[in-house]
Amino acid sequence: MKKRSRNDMRVIRHERLRKTLSGTAEKPRMSVFRSLKNLYVQIIDDDKGHTLVSASTLEKSLQPELNGTCNMNAAKVIGRVIAERAKSKGIESVVFDRGGHAYFGKVMAIAEAAREGGLNF
């Protein structure tokens, strides 16, 4: 039997989570994705299949605030930015999709910064 990689196990956890987690127009899904170099957050309406708001560490406008693209500081900045953009679109509450990652470290920092920015989970 082939040993599964760490990412394979994350994908399995994410698929299991997505069976019960879904975003609607009233309460969209806030999805977090971490690559080795960057952080990405999207707020998605799963009924329509549309991304309503997104933020990532790749954006040129955020570069002056970041002193790295995949650290705790970047996670806090991305959480704050996604909350501001969601509020401007009239989104008050979301369903949090941690993407199969443990609710710890950068994922938790994004969530807490978004909460401080005014989003309800």
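Read on for a plain summary of the structure. (Residues numbered from 1 in each chain as written. Predicted model: local features only at pLDDT ≥ 70, side-chain atom pairs only at ≥ 80, totals over all residues. Heavy atoms only, no water.)

**Focus: the overall build of the protein chain**
The secondary structure content of the protein chain amounts to three helices and four strands. The C-alpha radius of gyration of the protein chain comes to 14 Å, within 12% of the 14 Å expected for a compact globule of 121 residues. With respect to the three principal axes, the spread of C-alpha positions in the protein chain is 50 × 35 × 20 Å. Burial analysis of the protein chain (121 residues in total) assigns 40% to the buried set. (Helix = DSSP H or I, 4+ residues; strand = E, 2+ residues; numbered from the N terminus. Rg over C-alpha atoms; globule rule 2.2 N^0.38 Å. Buried < 20%, exposed > 50% of the residue type's maximum accessible area, 1.4 Å probe, protein only.)

**Looking at helix 2 (residues 72-88)**
Taking 1.5 Å as the rise per residue, helix 2 with 17 residues should run 24 Å; its terminal C-alpha atoms sit 25 Å apart, in good agreement. Within helix 2 the residues assigned to the buried category are Ala74, Ala75, Val77, Ile78, Gly79, Val81, Ile82, Ala83 and Ala86. Next to the buried residues of helix 2 lie strand 1 (29-34), strand 2 (39-45), strand 3 (50-56) and helix 3 (106-116). Count one or two residues on from helix 2 and you reach Gly90, which has phi positive near 85°. (Expected span 1.5 Å × (residues − 1). Contact = heavy atoms within 4.5 Å.)

**Quick look at the nonpolar core**
Ranked by size, the top nonpolar core spans 27 residues in total, and within it Met30, Val41, Ile43, Ile82, Ile91, Ile110 and Leu119 carry the most contacts. Broken down by secondary-structure element, the contributors of at least two residues to this core are strand 1, strand 2, strand 3, helix 2 and helix 3. Ranked by residue count, the leading element in this core is helix 2, at eight residues. Not counting chain neighbours up to four residues away, the residues in contact with Val41 comprise Met30, Ser31, Val32, Val53, Ser54, Ala55, Ile78, Ile82 and Ile110. (Core = buried A, V, L, I, M, F, W, Y, C linked by side-chain atoms within 4.5 Å.)

Any link to function would need more than the numbers given here.
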